[in-house]
Amino acid sequence: MYLNIGKAFLIRKESILGIFDLDSSSQSFLTREFLSAAEKAGRVINASEDIPNSFLLCEEPDGVRVYLSQSTSRTLWKRNDQLL
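Residues numbered from 1 in each chain as written. Predicted model: local features only at pLDDT ≥ 70, side-chain atom pairs only at ≥ 80, totals over all residues. Heavy atoms only, no water.

## So, a nonpolar patch on the surface
Phase 1 of the analysis: On the surface, a nonpolar cluster with roughly 250 Å² of combined accessible area is contributed by Leu 17, Phe 34 and Val 64.
Phase 2 of the analysis: Structurally, Leu 17 can be placed in strand β3 (residues 16–21). (Patch = residues over 30% accessible without salt bridge, like charges linked within 9 Å, V, L, I, M, F, W, Y side chains within 5 Å. Areas by Shrake-Rupley, 256 points an atom, 1.4 Å probe, with all protein chains shown as cover. Salt bridge = Lys/Arg side-chain N within 4 Å of Asp/Glu carboxyl O. Helix = DSSP H or I, 4+ residues; strand = E, 2+ residues; numbered from the N terminus.)

Spelled out as structure tokens, the structure:
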């Protein structure tokens, strides 16, 4: 099963480690550091056409990848639950 996160990006449901609200989670220093390091390492994919509202951590064969999404974390969780 695949989850549409925006801009025609489909993520394998099994690879999703977490779905996070960007506003609330980026208040943490550790989260900001993690996202900054992921971006410097080229591990961030922007699947948003506008300002991102959430991010997903996904385990892929070459390591953990961060996807930025315009959809809210709540919307993504609802879509994810509908795939069951």
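The discussion continues.
## Here we look at the nonpolar core
Phase 1 of the analysis: By size, the foremost hydrophobic cluster in this structure holds ten residues: Leu 3, Ile 5, Ile 11, Ile 16, Ile 19, Ala 47, Leu 56, Cys 58, Tyr 67 and Leu 76.
Phase 2 of the analysis: Counting only elements with at least two residues in this core, the list comes to β1 (2–6), β3 and β5 (54–60).
Phase 3 of the analysis: Once you skip the residues sitting within four places of it in the chain, Leu 56 turns out to touch Leu 3, Ile 5, Ile 16, Gly 18, Ile 19, Arg 65, Val 66, Tyr 67, Ser 69 and Leu 76.
Phase 4 of the analysis: Core analysis: the next-biggest nonpolar cluster, separate from the first, contains seven residues, Leu 22, Phe 55, Val 66 and Leu 68 among them. (Core = buried A, V, L, I, M, F, W, Y, C linked by side-chain atoms within 4.5 Å. Buried < 20%, exposed > 50% of the residue type's maximum accessible area, 1.4 Å probe, protein only. Contact = heavy atoms within 4.5 Å.)

## A few points about the packing of aromatic side chains
Where two aromatic rings form a pair, the distance of their centres and the angle of their planes describe that pair.
Phase 1 of the analysis: For the structure on display, the rule yields two aromatic pairs.
Phase 2 of the analysis: Judged by centre distance (5.1 Å) and plane angle (25 degrees), the ring pair of Phe 20 and Phe 55 falls under stacked. Of this pair, Phe 20 sits in strand β3 while Phe 55 sits in strand β5, and the two are 35 residues apart along the sequence.
Phase 3 of the analysis: Owing to a relative accessible area of 3%, Phe 55 belongs among the buried residues under this scheme. (Phe/Tyr/Trp six-rings, centres within 6.5 Å; stacked < 30°, edge-to-face > 60°.)

The values reported here are purely geometric and, on their own, carry no functional implication.
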